[in-house]
Amino acid sequence: MYVTMMMMDHMELPPMPNGDVPLHMLNGDAPQQVILVQVNPGETFTIRAEDGTLQCIQGPAEVPMMSPNGSIPPIHVPPGYISQVTVKELNGGGHIPVSSPPLLFSFGELLECHLTDLRPATDYHVRVSAFCNAVRGPFSEPATFTTHCGPPDIPQAPRLSHRSKSFLSLQWKPPVDNGSRITNYILEWDEGKKNSIFRECYFGSQRHYKVVRLCPGMGYTFRVAALNDIGTSGFSPEVVFQTTGSHPQLPPAPRLVKVGSAWVTLEWTRPSGCSQEEPITYTLEGQEEGPEFHPKYSGTDVSCRVEGLRRSTQYSFRVKPPEDDGGSGPLTYILEITEGNSREGPWNDVYRGPGMQHVCDGLRPAACYSLRLCSVNTGGQSQGSVSLCVQTLNLPPAACPPPRVVGHVRHKEVNLEWDPPAHDGASLGVEFSVEMFKVEETLEQEEVYRGRSTECTVGSLLPGAIYKFRVRAANDAGYGPYSEATEVTTAAGPPGQCRAPHVTMSSHTCAVVSWEACASSGADISEYRLDWGGDQDSLELVYSGTNMFCQISNLEAASSYCCRLQAVNQAGAGPHSELVTCRTPAAIPDAVQGFYLQDHIDAHHYSLSTSLSLVWEEPCCNGAEITSYTIAMGDRLISTGNVTCYVVSDLQPDSEYNFQVRAENAMGAGAFSQRLVARTRPLPPSPPRLECVAVGPQSLKLRWGDGSRTQCSEDTVYTLQMEDRNQRYIVIYRGPSHTFRVQRLCESSRYSFRIQAVSEAGEGPFSEIHTFSTAKSLPPTLKAPRVAQVEGNGCEVTWEAVPPMKGDRIAYLLHVLGGRDSEYKQVFKGEDTTFQLSGLQWNTDYRFRVCVCRRSADASQELCGSFSPASHFTPCRSDLALAVETSSASAPAAKAFGIASTDGQFATMMVVGLAFLSFLMAFILQFFLVE
């Protein structure tokens, strides 16, 4: 039970709500718990007595009060009023639940008091006074304490904002956070299973959620809880919301259940696809006369009894006089009315007469009334018609009490709540509108809330500013008057966003950053923080202080930088300013690094004895492209252009030089690099004299350096080149030797050679072109000739033919050795391969051999090869017996041929062995000397 104490100059209490127990004045001395209410001077305390009358008590006064059941009710005072109430116990003690801000309580002779039912995160002021013989002493100095923060209060049940066949959109109001900001909400549902088992469907900081993928025409139960850093509140009351249903399908044809003389009973089944929970309204129509159908029933039942079918009559559900009076004359109509539901309240007659309309007056605004009609004639009174529910219009609501602040006022938002206007019949369906305006500025009023809730949170406020809020109520009749304005001062907050800082470049390595003062948001700025970096990801804190500028040094030339500013006060750090980008100016190039001497240069254009190739690395240009480089060689300056390699020519051989290089751009010349000391090489050696010392048909032996060996060092390397078929010179030998045999040449061919000496001083020039020719090849050695005896003492000698050699003609020489001769004699020279010899001595041993001669085309030179192996032949007489002659002739012949054959084989083996040995020695020399 709540009792409101109105401490004003004079105000009567409104009628108490149903069920409230009024407080009574204390009568008698029975041991009871009382409340002693102190009325200040100039104030009036109004209270309702047991008989319902109002009693006014002028202050100063102390009024002891109690409830009839002996309990002490909680005391609630109006906002802004701090009452001084002393509670004491007569002949006993006890605890009183305190549910309002600051009250002071004391109990009898006890020296301590336990206060319960306090609000979390609320400041309380307590003071004590003593009573003796109904005389109260002065109050002590007030003591102040603050209760701890607690979990949020239980929120109200969620509300339905939108729905369809497949989703439900829910909203809920934030409950009292009890000192700790609400961080999240937990929304649970039963998934439409109606089994009291809830599952979480949303967890977050929003106060609305859309539940999707639902079934049409189905009810779902929801509840919500709030969560802060202290704990979780209890769940709100459960609420059921139902999705919209789908259009029902065509139901089956009705079935006839019973039939009477003037009625029939029909029934039908629910259409397929509709759940049992989905309400369905059926309309039964009947066809009477004509092709049209007329409704006979509309409701949710699946059966209907249609009566009055004895004659053709049109039925409609509306209030109208019966068309058939039964011959009883005019009718009298009785109109009855009741307030609220027609099943509860009593019916009162408001009209009785033959008229067919009536105006009902004296009704309460925004009230629901039920009307019904019946008729009376000489035959009696008919039954009442179906009741018609009518609701009267509203009056604009009265003024609301001023809004009040809930909890602590933050720097950007404030929680407000208000009481609805007094109930005068016009408060049903009330909507509230809260307006705000700033005190310091003459701005127009701004509506910050409109809705049915009696609390709201106003955000996007300025820290440390003074605002006024007022509220008014509205219903379907319009808006009521505004309440008195409530003045609210927001708490100091973090500073606002600073303006973008200004960057001034004092040099290519130094920048000065300045900025303007930032809005304090109700608290003085304690420091500014400047972040600086190459890009947004590399920002670092470079300054923190109260100055309005900062100098940044050690920057890189022609580089991009960015910065941002942030202000800080006792409430925290404000947001960063917009990102400011800048770029340092260009500067002269840095000193050249990596300055060194290159060992290899283009030998066709430069010589290492008179030229030096200098190479360096490109330095940092510092924002301006390098245009050229300058090389300092003693007092001489050489401009090279935009290159990183330069050949200094026209130098003295075997001399030392000092070099430095610097880069230049549009901003000027940079510093010189470190000194480079380089030395030119000596002059390369001259080419040696080249000569041919041995000529063969397939090889040439070359020699060089007879008299120049003393001029060349031991480290001199010779490069011998020969011209190929494409008139290109290829290297055939490179090494320190002074001789080389060129193999695999063609006979009687001309070859060109040149030679070069290479030493530490470099590669010397090539010698003049030397041309040498190979000799002609000797003809091949023939096999032993074949000798055959002819008639008489003659013989015929034949040998194999040799083709012409490179256009030279071939001739043959035939030598014979016989009898007592010691030397072979030439018996034939010519181009034939056979020769007959006569006049031989009988039984004398002859030897024949043959060789090949090569004659040049101009017959100036003739080359003869080696002789073939000798063939033996002994002529025999022809007058011997045939057998003896044959035997005698065959034996020497066989002997001669056998010997010839044996000598030929031996000669062939000797030639093959010598050829293999020559090839092997040539391969070894080629491998060890040339390679």
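Residues numbered from 1 in each chain as written. Predicted model: local features only at pLDDT ≥ 70, side-chain atom pairs only at ≥ 80, totals over all residues. Heavy atoms only, no water.

Per an unreviewed UniProt entry, the protein chain goes by the name Fibronectin type-III domain-containing protein and belongs to Denticeps clupeoides.

The subject of this paragraph is the overall build of the protein chain. Within the protein chain, the regular secondary structure consists of one helix and 69 strands. Within the protein chain, the fraction of its 931 residues that count as buried is 37%. Long-range pairs, those at least 24 residues apart, make up 60% of the contacts in the protein chain with a sequence separation of at least 6. On the protein chain, roughly 54,500 Å² of surface is accessible, and the fraction owed to carbon and sulfur atoms is 51%. (Helix = DSSP H or I, 4+ residues; strand = E, 2+ residues; numbered from the N terminus. Buried < 20%, exposed > 50% of the residue type's maximum accessible area, 1.4 Å probe, protein only. Contact = heavy atoms within 4.5 Å. Areas by Shrake-Rupley, 256 points an atom, 1.4 Å probe, with all protein chains shown as cover.)

This part covers the environment of serine 699. Note on placement: serine 699 falls in the loop between strand 54 (690-695) and strand 55 (700-704). The spacing of serine 699 and arginine 744 is 45 residues in sequence and 6.3 Å in space, taken between C-alpha atoms. Polar side-chain contacts of serine 699 include one of 3.5 Å to the side chain of arginine 741. (Polar contact = N/O pair within 3.5 Å; in protein donor to acceptor, adjacent residues only side chain to side chain.)

Right, let's talk about the pairing of strand 39 (residues 510-514) for a bit. Across five bridges, strand 38 (residues 502-507) lies against strand 39 in antiparallel orientation. Counterpart to valine 503 in the pairing with strand 39 is valine 513. Taken together, the four bridges between strand 39 and strand 42 (residues 549-552) define a ladder with antiparallel strand orientation. By the bridge assignment for strand 42, serine 514 is matched with phenylalanine 549. (Pairing = 2+ DSSP bridges.)

With that settled, the discussion passes to a nonpolar patch on the surface. Together, Phe916, Phe919, Leu920, Phe923, Ile924, Leu925, Phe927, Phe928 and Leu929 make up a nonpolar patch on the protein surface, roughly 1,000 Å² of accessible area in all. By relative accessible area, leucine 925 is classed as partly exposed at 47%. (Patch = residues over 30% accessible without salt bridge, like charges linked within 9 Å, V, L, I, M, F, W, Y side chains within 5 Å. Salt bridge = Lys/Arg side-chain N within 4 Å of Asp/Glu carboxyl O.)

Bringing the sheet that holds strand 34 (residues 455-458) into the picture now. With respect to topology, three strands assemble into an open sheet ordered 30-31-34, the strand pairing being antiparallel. The open sheet has two edge strands, strand 30 (404-406) and strand 34, and neither has a second partner. With direction set aside, neighbouring strand axes in the sheet form an average angle of 40°. (Axes fitted to C-alpha atoms, helices over the stretch in contact; angles between N-to-C directions.)

A few words on the sheet that holds strand 54. Here we have three strands laid out as an open sheet, ordered 54-55-58, and antiparallel in their pairing. Either end of the sheet is taken by a strand with one partner, and the two such strands are strand 54 and strand 58 (739-742). On average, adjacent strands in this sheet sit at an angle of 25° to one another, irrespective of strand direction. In terms of strand pairing, strand 54 meets strand 55 through five bridges, oriented antiparallel. When the bridges of strand 55 are listed, valine 695 appears paired with leucine 700.

Glancing now at the environment of cysteine 400. Inspection of the secondary structure assignment puts cysteine 400 in the loop between strand 29 (388-391) and strand 30. Its relative accessible area of 5% is what places cysteine 400 among the buried residues. Through-space distance from the C-alpha of cysteine 400 to that of arginine 470 is 9.0 Å; in sequence the pair is 70 residues apart. Not counting residues within four places of it along the chain, the set of residues in contact with cysteine 400 comprises Asp419, Pro421, Phe432, Val471, Arg472, Ala473 and Ser483.

To continue, consider the environment of glycine 464. Structurally, glycine 464 is set in the loop between strand 34 and strand 35 (466-475). Accessibility expressed as a relative area gives 40% for glycine 464, which makes it partly exposed. Those residues within four positions of glycine 464 in sequence are excluded, and the remaining contacts are Thr490, Ala491, Ala492, Ser521 and Gly522.

Right, let's get into unusual backbone geometry. Unusually for a residue other than glycine, asparagine 178 sits at a positive phi of about 60°. Residue position: asparagine 178 is located in the loop between strand 14 (168-171) and strand 15 (182-189). The residue serine 748 is not glycine, and still its phi comes out positive at about 50°. Looking at the secondary structure, you find serine 748 in the loop between strand 58 and strand 59 (750-759). Taking the relative accessible area as the measure of exposure, serine 748 reaches 40% and is therefore partly exposed.

To continue, consider the packing of aromatic side chains. For the coordinates displayed, the defined rule picks out 24 aromatic pairs. Taking 6.0 Å as the distance between ring centres and 50° as the angle between the ring planes, the aromatic pair formed by tryptophan 515 and tyrosine 528 counts as tilted. With a gap of 13 residues between them, tryptophan 515 in the loop between strand 39 and strand 40 (525-533) and tyrosine 528 in strand 40 connect regions that are remote in the sequence. When its relative accessible area of 5% is taken as the criterion, tyrosine 528 is described as buried. Between phenylalanine 753 and phenylalanine 772, the ring centres sit 6.2 Å apart and the planes meet at 40°, which makes this aromatic pair tilted. Linking phenylalanine 753 in strand 59 with phenylalanine 772 in strand 61 (residues 770-773), this pair joins segments that are 19 residues apart in sequence. Classification of phenylalanine 753 as buried rests on a relative accessible area of 0%. Among the residues examined, phenylalanine 772 registers a relative accessible area of 16% and is labelled buried. An aromatic cluster of three or more residues is present, and its members are Trp172, Tyr185, Tyr202 and Tyr209. Across from the ring centre of phenylalanine 198, 4.2 Å away, lies the NZ or CZ of arginine 223, which sits over that ring. Of note, arginine 754 hangs over the ring of tyrosine 729, and the distance from its end group to the ring centre comes to 4.5 Å. (Phe/Tyr/Trp six-rings, centres within 6.5 Å; stacked < 30°, edge-to-face > 60°. Lys NZ or Arg CZ within 6 Å of the ring centre and 35° of its normal.)

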